[in-house]
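Analysis of the macromolecular model
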Amino acid sequence: DAGITQSPRHKVTETGTPVTLRCHQTENHRYMYWYRQDPGHGLRLIHYSYGVKDTDKGEVSDGYSVSRSKTEDFLLTLESATSSQTSVYFCAIFSGGRPGQTGELFFGEGSRLTVL
Amino acid sequence: AQSVTQLGSHVSVSEGALVLLRCNYSSSVPPYLFWYVQYPNQGLQLLLKYTTGATLVKGINGFEAEFKKSETSFHLTKPSAHMSDAAEYFCAVSLTGGYNKLIFGAGTRLAVHP
């Protein structure tokens with residue numbers, strides 16, 4: 001258990017509304033990630049962070065923004081949700097040193113988002 | 001571009017039978033390779049990983065995988081399936097040696113029947 005909490009765990013919203021998902025960690029890890037999981041696609045990286053206020057885009061970043069104002073929280077925002085953003089969103093942290101060294105990704109339990 | 005292909009979206013085996021889940025990757029540089037398992041309504045958990053060194057990697061729960069560079073493969077095996085192995089399994093590759101660009105396969109759902 002890497003002390004990762006995602007909230008909300010389930011959310012149903014309507015097209016065009018803003019949505020923010022929160023990832024909270026308790027162990028002061030530097031690297032945090034947001035993935036989305038869709039059938040037939042596995043997990044795809046949306047955004048990641050390598051420190052407070054340091055973020056970068058992943059492979060499917062369009063329509064998403066992130067913020068990290070403190071080490072423990074990494075927020076994922078859908079400014080105007082669309083049906084194509086219906087998915088399960090996973091937060092992950094890297095533990096074991098800097099990326100490039102052997103270590104491990106730990107995943108949260110996921111946030112299921114449905115956009116009607 | 002790098003990619004990961006998992007052959008078979010669903011695999012079904014009998015309890016006690018060999019488990020073989022296939023993963024092939026495309027890469028022009030030495031990759032880091034991973035297998036993750038996902039149980040229902042949970043996040044992913046690392047089973048094993050290959051970075052450098054010995055090409056046969058042993059992981060948790062009796063699973064192992066072998067990196068074969070000539071075949072660009074990293075197949076996951078377990079000699080004897082258990083009912084508790086029923087889950088979805090994901091192969092992933094990182095070309096940078098880190099986790100910033102971890103590319104996942106589409107996943108293979110393993111069913112184990114009595």
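Preceding this paragraph is the structure being described.
Residues numbered from 1 in each chain as written. Chains lettered and ligands numbered in written order. Predicted model: local features only at pLDDT ≥ 70, side-chain atom pairs only at ≥ 80, totals over all residues. Heavy atoms only, no water.

Observations regarding the overall build of chain B
Formally: Helix and strand labels come from DSSP, where a helix needs a run of H or I of at least four residues and a strand needs a run of E of at least two; each type is numbered from the N terminus. Type-normalised accessible area, obtained with a 1.4 Å probe on protein chains alone, sets the label of each residue: buried when under 20%, exposed when over 50%, and partly exposed for intermediate values. By definition in these notes, contact holds between two residues if any of their heavy atoms fall within 4.5 Å. Surface exposure here means Shrake-Rupley accessible area, sampled with a 1.4 Å probe, where a residue is shielded only by the protein chains that are shown.
Per the secondary structure count, chain B includes 0 helices and 11 strands. When the helices and strands of chain B are placed in sequence order, the string is β-β-β-β-β-β-β-β-β-β-β. Its C-alpha atoms give chain B principal-axis dimensions of about 40 × 30 × 20 Å. Put simply, chain B has 114 residues, and 46% of those count as buried. For chain B, restricting intrachain contacts to residue pairs at least 6 apart in sequence, the fraction spanning at least 24 positions comes to 56%. Carbon and sulfur atoms make up 54% of the accessible area of chain B, which totals about 5200 Å².

Observations concerning the pattern of salt bridges
Residues and elements named next belong to chain A. Just so we agree on the cut-off: A side-chain nitrogen of Lys or Arg and a carboxyl oxygen of Asp or Glu constitute a salt bridge if their distance falls within 4 Å.
On inspection of all chains with the given rule, the structure shows 8 salt bridges over all chains. The salt bridge involving Arg36 is made with Asp38; its shortest N-O contact spans 2.8 Å. Exposure class is identical for Arg36 and Asp38. Each is buried. Where Asp73 meets Lys70, a salt bridge forms, and the shortest distance between an N and an O atom there is 3.7 Å. Each of Arg22, Lys70 and Asp73 takes part in one network of salt bridges that share partners.

Concerning the environment of Asp54 of chain A
Residues and elements named next belong to chain A. By the element assignment, Asp54 lies in strand 6 (residues 54–57). Counting along the chain gives 15 residues from Asp54 to Ser69, while the straight-line C-alpha distance between them is 9.2 Å. What Asp54 contacts, discounting residues up to four positions off in sequence, is Tyr48 and Ser49.

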